[in-house]
Structures are given as C-alpha cells and as structure tokens.
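Summary of structural features
What follows is the residue order along each chain.
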Amino acid sequence: MSKVPEQQVPMTANQKLVLFSASSGFGLENMDVLFLSFTLSSIITTLHVSPSAAGLIGTITNWGMLIGAILFGMLGDRYGRVRVFTHTIFVFALATALMSIATNIYWIYLFRLLAGIGAGGEYGIGITLIAEAFPKRNLGKLASIAAIGGQFGAVAAAILAALVIPSLGWHALYLFGLLPIALVFLVRRNLKESPTFVAARHRETLPPFSAIRRYMFTNARVTWTTVGLMIMTTVQIAGYFGLMNWLPTIVQKQSHLNVAGSSLWMLATIGGMSVGMLTFGTILDCLGPRLAFEIFLLASAVLVYSIALAHSTGLLLVIGAIVGFFSNGMYGGYGAVVSQLYPTSVRSSANNIIVGVGRAVGGMSSLVIGLLMEHFNLLIVMLFLSVLYLISFVTMLTLPGFRRSAR
C-alpha cells in the first residue's frame with residue numbers, strides 16, 4: 001500500500017477544533033479591543049470626560065494585556081493550555097460585558113484593565129495550542145490562519161457598532177462581549193491537553209519564574225533572542241495601530257482628501273492583511289523565517305511612503321490593502337517562530353511575554369504619531385514608520401534563531 005505524503009494528510013478532528021478555537025478566540029479578542037475604538041467618542045460625550053482621560057483607557061487596556069500575558073502565560077505552562085485558555089476568554093468576555101453598566105470613567109478604567117488581562121493571556125496560549133497540535137513544517141501557515149481570525153473580529157466590531165450604537169447607545173454594544181462564553185463551553189467539552197505538554201509537565205520541576213529565567217534569559221545569546229523578538233513585536237504592533245488608527249486621518253489632513261465611508265477603507269486594509277498573512281505563512285514554511293521577514297520588513301519600510309500618493313478614494317483603498325498586506329502580514333509569523341525557539345515548558349509564557357511587551361510598548365505608537373502630526377508633515381510621519389521597520393529588519397538579522405529554517 002502506498003503511503004500518503006505527509007503534506008497531504010488531512011487534519012484530524014482535534015486539529016480542526018484547535019485551529020477553530022484559537023482563531024475564534026483571536027477574533028473575539030480583537031472584536032473586544034476594537035469596541036473601544038468605535039465607542040470612544042460616545043464615551044467622551046456622554047460621560048463628559050476630557051480627551052486625555054479617554055485616551056488613558058487604551059493605555060490601561062495595554063497595561064492589563066501585559067499583566068495578563070505574564071500571569072496566564074505562566075499558568076498555561078503550569079496547569080495546562082486548555083483550562084487556562086478558557087479562563088482567559090471568560091475574563092475578557094465578562095469584563096467587556098461589564099462595560100455596559102459603567103457610569104463613570106473610573107469604572108471604565110477598571111473594566112478595561114480586567115478585559116486587557118484576559119485578552120493579553122489568550123494570545124500565547126492559543127498559539128501554543130496550535131504549535132503542539134500540528135507539525136512544525138505547517139506552523140507558519142496555520143498560525144497565520146489563526147491570526148486572520150482576529151481580522152474577522154475587527155469586521156464584526158465595525159458591523160455591530162454601526163448597527164447598535166445609533167439605536168441603542170454605546171453601553172449596549174458591550175453586551176456582545178458575552179459572545180465568547182459560548183466558545184468556553186465548546187473548548188472545555190472537546191479539547192484535551194496535547195501529549196507533548198503532558199510529557200513536558202511531568203519532566204519539568206522548575207517553578208514558572210525559574211523556568212522563564214532558565215529558558216528565556218539563561219545567557220547573552222538567549223537573552224538577546226528574547227529581547228530582539230520583543231523589539232520586533234513592538235514594531236509590529238506599532239505599525240498595526242498606526243495603520244488602523246491614524247493613516248486615514250493623516251491622508252485626509254495632509255492630502256485634503258475627504259474619505260467617505262471609512263469602513264470601506266478598513267475592509268480593504270483588513271483584506272490586504274489577511275492575504276498577506278496567508279502569503280507570509282506559506283513563505284515561512286517553505287523558505288524559512290529569515291527570508292520571509294526580510295521580504296516583508298523591507299517592503300513595509302518602502303511602501304509606507306506610498307500613503308503620500310493617495311489623492312483619491314480608490315487609490316487610498318488600493319494602497320491601504322497593499323500596505324496592510326506587507327506591514328501586518330507578518331503578525332502570525334511571530335507565534336510560529338517563538339513556538340519553535342522555546343521549549344514546551346515555557347512556550348505559552350514566551351509567546352505571551354514577548355507579544356505582551358510588544359503590545360504595551362508598540363501600542364503607544366498612536367500617541368507618538370499624533371504628536372508628530374501636530375508638528376511635522378506627512379513625510380516625517382512616514383519616515384518614523386519606515387525607520388521602525390528598518391530597526392526590526394536589522395534586529396532580525398542578528399537573531400540566531402532566524403538563520404534556521406522553520407520547516
């Protein structure tokens with residue numbers, strides 16, 4: 001009997017459920033995060049808060065994400081990915097729903113901190129579930145497919161905001177934050193811990209902090225790998241927030257372009273991101289992480305300048321899709337690389353801590369870009385983003401793990 005080639009072996013039922021659960025979790029998390037973007041102006045108006053006080057909401061959410069990343073990453077390595085994954089989903093779902101009863105800015109700060117803690121812990125554990133359920137040769141593409149789930153969450157947030165806020169108000173939108181709880185029951189009933197994790201848990205006797213210090217910061221080489229990946233994810237998150245939050249405004253202000261229907265722009269950009277993620281993941285699996293990141297980082301550094309060419313709505317849609325393709329196509333690749341560079345006993349911690357730091361620091365790019373817009377022209381803003389991608393490119397060249405193929 002002829003053997004079926006490995007790449008043609010279909011997914012098992014468990015693998016399909018793992019991929020669906022992680023992808024859905026990322027989507028629901030992103031939906032939760034973007035609810036704030038769509039309700040911020042209403043919060044300012046109805047609660048009579050200053051723009052600076054409202055701006056602190058996003059910062060507090062990012063702080064919560066870093067706390068959740070560290071906390072739930074360690075718990076996932078200690079007590080199991082599946083159990084902790086469901087806890088992270090429940091925390092950010094409940095905290096999001098509580099926003100529907102927030103009557104002042106201080107309650108909002110508390111609920112967004114809690115939502116950030118849950119959302120920050122969910123990413124690394126979801127990626128780890130994928131890494132331990134599938135062969136390494138397919139991990140780049142599969143991690144990217146899961147990351148695309150996050151983009152569906154952005155679309156869902158935009159649609160729900162357009163339907164709910166005008167008729168029911170911003171408080172009602174946050175009740176949809178309870179949707180992820182259905183995913184909790186699905187995961188708990190059907191997913192089991194991977195044999196890889198079960199075996200590693202029996203072998204590893206170090207407490208979580210000691211394991212992190214041993215495997216992530218054991219010597220100069222390993223420490224630089226960890227720090228370098230933090231720099232790269234910081235640039236990744238900074239580019240994402242810059243693209244999604246500011247570029248339409250930049251184009252309107254600098255090029256005097258009136259963009260009717262910003263949701264159409266967002267859909268075009270998200271479409272470009274999703275195709276870019278699939279393409280990046282395929283290149284990573286076939287040719288290795290170094291070449292994949294070289295292509296996308298250099299292209300991002302060059303193509304951000306094309307924003308200055310947008311003098312019509314149609315051209316803005318095309319450019320948004322192309323820039324989204326390269327600048328955010330890399331997102332799923334980080335989880336694939338991190339999952340292969342660190343052992344099972346710290347895999348969820350490594351994913352969460354590295355991306356958590358990227359979120360906390362990179363999320364400040366909106367503030368930096370806003371300040372640049374006040375004092376400089378469009379080319380200076382684009383230069384800032386371009387330099388960030390070049391810093392990530394140079395950092396990547398120095399990381400020993402990127403010299404090896406991810407296959």
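Definitions and limits used
Residues numbered from 1 in each chain as written. Predicted model: local features only at pLDDT ≥ 70, side-chain atom pairs only at ≥ 80, totals over all residues. Heavy atoms only, no water. pLDDT = per-residue confidence, 0-100. Helix = DSSP H or I, 4+ residues; strand = E, 2+ residues; numbered from the N terminus. Contact = heavy atoms within 4.5 Å. Salt bridge = Lys/Arg side-chain N within 4 Å of Asp/Glu carboxyl O. Buried < 20%, exposed > 50% of the residue type's maximum accessible area, 1.4 Å probe, protein only. Phe/Tyr/Trp six-rings, centres within 6.5 Å; stacked < 30°, edge-to-face > 60°. Axes fitted to C-alpha atoms, helices over the stretch in contact; angles between N-to-C directions. Parallel < 35°, antiparallel > 145°, perpendicular 65-115°, else oblique. Left-handed = near helix turned anticlockwise from the far one by under 90°. Core = buried A, V, L, I, M, F, W, Y, C linked by side-chain atoms within 4.5 Å. Expected span 1.5 Å × (residues − 1). Polar contact = N/O pair within 3.5 Å; in protein donor to acceptor, adjacent residues only side chain to side chain. Patch = residues over 30% accessible without salt bridge, like charges linked within 9 Å, V, L, I, M, F, W, Y side chains within 5 Å. Areas by Shrake-Rupley, 256 points an atom, 1.4 Å probe, with all protein chains shown as cover. Bend = angle between axes of the 7 residues up to and from the residue. Nonpolar A, V, L, I, M, F, W, Y, C, P; charged D, E, K, R; others polar.

With that settled, consider the confidence of the model for the chain. Regions with low pLDDT carry predicted coordinates that are not meant to be interpreted in detail. Of the residues in the chain, 89% reach a pLDDT of 70 or more, and the chain-wide mean stands at 84. Across the chain, helix 12 (residues 289-303) holds the top mean pLDDT of 93, while helix 16 (residues 365-375) sits lowest at 71. Overall, residues 1-6 carries pLDDT values under 50, and its contacts beyond four positions in sequence, including any with other chains, amount to two contacts.

Our focus in this paragraph is the pattern of salt bridges. Under the counting rule described, the total for this entry stands at six salt bridges. Asp77 is the partner of Arg81 in a salt bridge, and the nearest nitrogen-oxygen pair spans 2.6 Å. Note on Arg81: relative accessible area 0%, which makes it buried. Arg81 is the partner of Glu132 in a salt bridge, and the nearest nitrogen-oxygen pair spans 2.6 Å.

So, on to the packing of aromatic side chains. A full pass over the atoms with the stated rule returns twelve aromatic pairs. With 5.6 Å between their ring centres and 20° between their planes, Trp107 and Phe111 make a pair best called stacked. Of this pair, Trp107 and Phe111 both sit in helix 4 (residues 105-131), four residues apart, roughly one helical turn. Here Trp107 falls in the partly exposed class, since its relative accessible area comes to 41%.

Inspection of the secondary structure assignment puts Val368 in helix 16. Separated by 16 residues in sequence, Val368 and Phe384 have C-alpha atoms that sit 9.4 Å apart.

This brings us to the packing of helix 5 (residues 139-168) against helix 14 (residues 331-341). Two numbers describe how helix 5 lies on helix 14: the axes approach to 7 Å, and their chain directions differ by 135°. Classified by the interaxial angle, the pair formed by helix 5 and helix 14 is oblique. The handedness of the crossing between helix 5 and helix 14 comes out as right-handed. Along the contact surface, helix 5 presents Leu139, Gly140, Ala143, Ser144 and Ala147, while helix 14 presents Tyr331, Gly332, Gly333, Ala336, Ser339 and Gln340.

Right, let's get into the side chain of Arg347. As for its placement among the helices and strands, Arg347 is situated in helix 15 (residues 347-362). Exposure remark for Arg347: the relative accessible area of 9% places this residue in the buried category.

With that settled, consider the nonpolar core. Grouped together as the largest cluster of nonpolar side chains are 70 residues, with contacts concentrated most on Ile43, Ile108 and Ile130. Take this core: its biggest share by element is 14 residues, from helix 5. In this view, Ile43 contacts Leu36, His48, Val49, Ile57, Met99, Ile108, Trp170 and Tyr174; residues no more than four positions away in its chain are not counted. If you look at the next biggest cluster of nonpolar residues, it comprises 45 residues, including Leu297, Met330, Ala350 and Met382.

Moving on, we get to helix 4. Taking 1.5 Å as the rise per residue, helix 4 with 27 residues should run 39 Å; its terminal C-alpha atoms sit 40 Å apart, in good agreement. Across the 27 residues that make up helix 4, a large majority, 22, are buried. For helix 4, the capping residue at the N-terminal end is Asn104, with a side-chain oxygen 3.0 Å from the backbone nitrogen of Tyr106.

Attention shifts here to a nonpolar patch on the surface. Side chains of Tyr305, Phe376, Leu379, Ile380, Leu383, Val387 and Ile391 sit close together on the surface and give an oily, nonpolar patch of about 580 Å² of accessible area. Position of Phe376 relative to the elements: it lies in the loop between helix 16 and helix 17 (378-398).

Quick look at helix 5 now. Each full turn of the α-helix corresponds to 3.6 residues, which orients residues three or four apart in the same direction. Under the 1.5 Å per step criterion, the end-to-end length of helix 5 is 42 Å for 30 residues, consistent within 8% with the ideal 44 Å. Taken as a whole, helix 5 carries its principal kink of about 30° at Ala161. Gly169 occupies a position one or two residues after helix 5 and carries a positive phi of about 95°.

Packing of helix 3 (residues 81-98) against helix 7 (residues 180-190) leaves a shortest axis separation of 9 Å and a crossing angle of 170°. With respect to each other, helix 3 and helix 7 are oriented roughly antiparallel. The hand of the helix 3/helix 7 crossing is left-handed. Within the contact between the two elements, helix 3 uses Val82, Phe85, Thr86, His87, Ile89, Phe90, Phe92 and Ala93 and helix 7 uses Pro180, Ile181, Leu183, Val184, Val187 and Arg188. Residue classes in the contact of helix 3 with helix 7 are distributed as eleven nonpolar, two polar and one charged.

Position of Ser339 among the secondary structure elements: in helix 14. Expressed as a C-alpha distance, the spacing of Ser339 and Gly124, which sit 215 residues apart in the sequence, is 9.2 Å. If we ignore the near neighbours within four places in the chain, the residues touching Ser339 are Ile127, Ala131, Leu139, Arg347 and Asn351.

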